Amino acid sequence: MSSQKLKVIVTRRLPGVVELRLKELFDAELNLTDEPMSQDALADAVARADILVPTVTDKLDGRVLARAGDNLRLIAQFGAGFDNIDLQSATQRGITVTNTPGVLTDDTADITMALLLAVPRRLIEGVKAIENDEFTGWTPTWMMGRRISGKRLGIIGMGRIGQAVARRAKAFGMQIHYHNRKPVSPNIESALEATYWDSLDQMLSRMDFISVNCPHTPATYHLLTARRLDLIQPHAYIVNTSRGEVIDEAALGRALEAGKIAGAGLDVFENEPEINPMLKKLPNVVLLPHLGSATEEGRTEMGEKVIINIKTFVDGHKPPDRVIPSML
C-alpha cells in the first residue's frame, strides 16, 4: 500500500501547517471541530485507521484497542507523555507506538520557572488586586512575598525537562537538589552543582521549593502521597508541570488549606480538565490550563516529529521516537 493512500486519523486539531502536510502526504481525516473524541469514537477510529494520531488526553485503553482493525499498525502520539496508551495491549496487537519527546523541553521548563516565580512573589494575587481596585499605592509591608535566590530547589525527575529547569533555576541563584531513579552523569551534576538524593522523603523534608518533572507511570502514580506531603516544610512551595496523577490532589488541597505548605503552582491536574474545587479557592495557589508545551514553535515541532515518525515507519524503518513497554 502506498503511503499516499494510508488512512491517518487525527483525533484533535493540530497546527495548520501540520494538518496541511498530513493531508499532502496521506489520506488524512482531521478533527475540524476540535471536540474531544468519546471512547466510542476512538474505538471507531482505531477500527478504520492505518495510522492513528492521538493526543495525551485520548484514553486508548485495552477496551478501545480491542476494536483495532487489522490495518492499524502505528499510533503516532502528538505529545511526549504516553500514559494514556495501554502499551501492553498495543504491543500484543503488533501496533507500534511513538511520541514526540525533546521538542517541548524548554517550553515546559519556562512554564516551571514562571510558576517558581509567580507563586512566592504572589503575582496572580497582585493582578487580582489591580483588577479589584485594591491597589491604593505602594506601602512597605503590603503584598510581600518570598525571594527564590539562595533557596533550595528539589527536582523530582532529572530527565530533559528536569535538567532544563535546573539550568534556569541555577541562573536565578537557587541551590539544585534532585531525586531520580539514578544519579545523572558526573559532568551534568557538576555543571548544575546538583546534589543527588536517593531518598525522596529526605529530600522533600529539606527543600524550600519542589518541582515535579517526572513522567506519570504506574510507579509514579501518587508518588507524592498525603504522607509525603506532610514531610514538606510549612514555608516551602511545590510546582507541578509534569502530570497531575503524580500528586494526590485532594491531599495537596488539604495541606495548602491547613497552611502545611506555603503555596503551589500547578499546570496539570489529576482528573483533567476537572480541578479540585478547594484549589480554585486558595489565594496561595496559581493554576494554569496545561500550558507547558503551548507555544507555536513547540506544537509545530511536535507535529513535525509525528510526521517524521510516520514517514520512517511507512518506509519500513524503526521510528526515531518509538515507545516500548519497558520505558514505563
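Keep in mind that what you see is a predicted model, and the values were worked out from it rather than measured.

Participant: Please clarify how the overall build of the protein chain should be interpreted in this entry.
Facilitator: Each helix and strand counted, the protein chain has 13 helices and 13 strands in total. For the protein chain, the C-alpha radius of gyration of 21 Å lies close to 20 Å, the compact-globule estimate for 328 residues. Across its three principal directions, the C-alpha atoms of the protein chain cover 70 × 50 × 30 Å. The buried share of the protein chain, taken over its 328 residues, is 50%. Element-wise, carbon and sulfur atoms account for 51% of the exposed surface of the protein chain, whose accessible area totals about 15900 Å². The average position of the 38 basic charges and that of the 41 acidic charges among the side chains of the protein chain differ by 4 Å.

Participant: I would appreciate a short explanation of the UniProt feature "domain: D-isomer specific 2-hydroxyacid dehydrogenase NAD-binding" (unreviewed entry) in the protein chain in the present structure.
Facilitator: Using the residue numbers shown here, the UniProt feature "domain: D-isomer specific 2-hydroxyacid dehydrogenase NAD-binding" (unreviewed entry) corresponds to residues 113-292. In the segment residues 113-292, helix accounts for 32% and strand for 15%; the C-alpha atoms at its two ends are 11 Å apart.

Participant: Help me understand helix α13 (residues 296-314) in this model?
Facilitator: It helps to recall that an α-helix has 3.6 residues per turn; residues three or four apart then point in one direction. Over its 19 residues, α13 extends 27 Å from the first C-alpha to the last, a length consistent with the 27 Å expected when each residue adds 1.5 Å. If you check which residues of α13 are buried, you get G298, M302, G303, V306, I307, N309, I310 and T312. Taken together, the buried residues of α13 touch α1 (16-25), β3 (51-53), β4 (74-76), β5 (96-98) and α5 (105-118). One or two positions beyond α13, positive phi appears at G316, with a value near 90 degrees.

Participant: Would you explain a nonpolar patch on the surface in this entry?
Facilitator: There is a patch of nonpolar side chains on the surface, built from I130, F135 and W142 and spanning about 320 Å² of accessible area. Mapped onto the secondary structure, F135 falls in the loop between α6 (123-131) and β6 (152-156). The class of F135 is partly exposed, set by a relative accessible area of 47%.

Participant: Would you take a moment to explain the pattern of salt bridges for this structure?
Facilitator: Overall, the coordinates contain 15 salt bridges when judged by the stated rule. Here R12 makes a salt bridge to D34, at a shortest N to O gap of 3.1 Å. Of this pair, R12 sits in the loop between β1 (7-10) and α1 while D34 sits in the loop between β2 (27-29) and α2 (39-48), and the two are 22 residues apart along the sequence. R12 gets classed as buried once you look at its relative accessible area, which sits at 19%. On the basis of relative accessible area, D34 is assigned to the partly exposed category, the value being 30%. Where R122 meets E125, a salt bridge forms, and the shortest distance between an N and an O atom there is 3.1 Å. On the accessibility criterion, R122 (26% relative accessible area) is partly exposed. Taking the relative accessible area as the measure of exposure, E125 reaches 22% and is therefore partly exposed.

The rules behind these values
Residues numbered from 1 in each chain as written. Predicted model: local features only at pLDDT ≥ 70, side-chain atom pairs only at ≥ 80, totals over all residues. Heavy atoms only, no water. Helix = DSSP H or I, 4+ residues; strand = E, 2+ residues; numbered from the N terminus. Rg over C-alpha atoms; globule rule 2.2 N^0.38 Å. Buried < 20%, exposed > 50% of the residue type's maximum accessible area, 1.4 Å probe, protein only. Areas by Shrake-Rupley, 256 points an atom, 1.4 Å probe, with all protein chains shown as cover. Lys, Arg positive; Asp, Glu negative; His and termini not counted. Charge placed at Lys NZ, Arg CZ, Asp CG, Glu CD. UniProt positions renumbered as here; feature names shortened; annotations may be inferred. Expected span 1.5 Å × (residues − 1). Contact = heavy atoms within 4.5 Å. Patch = residues over 30% accessible without salt bridge, like charges linked within 9 Å, V, L, I, M, F, W, Y side chains within 5 Å. Salt bridge = Lys/Arg side-chain N within 4 Å of Asp/Glu carboxyl O.

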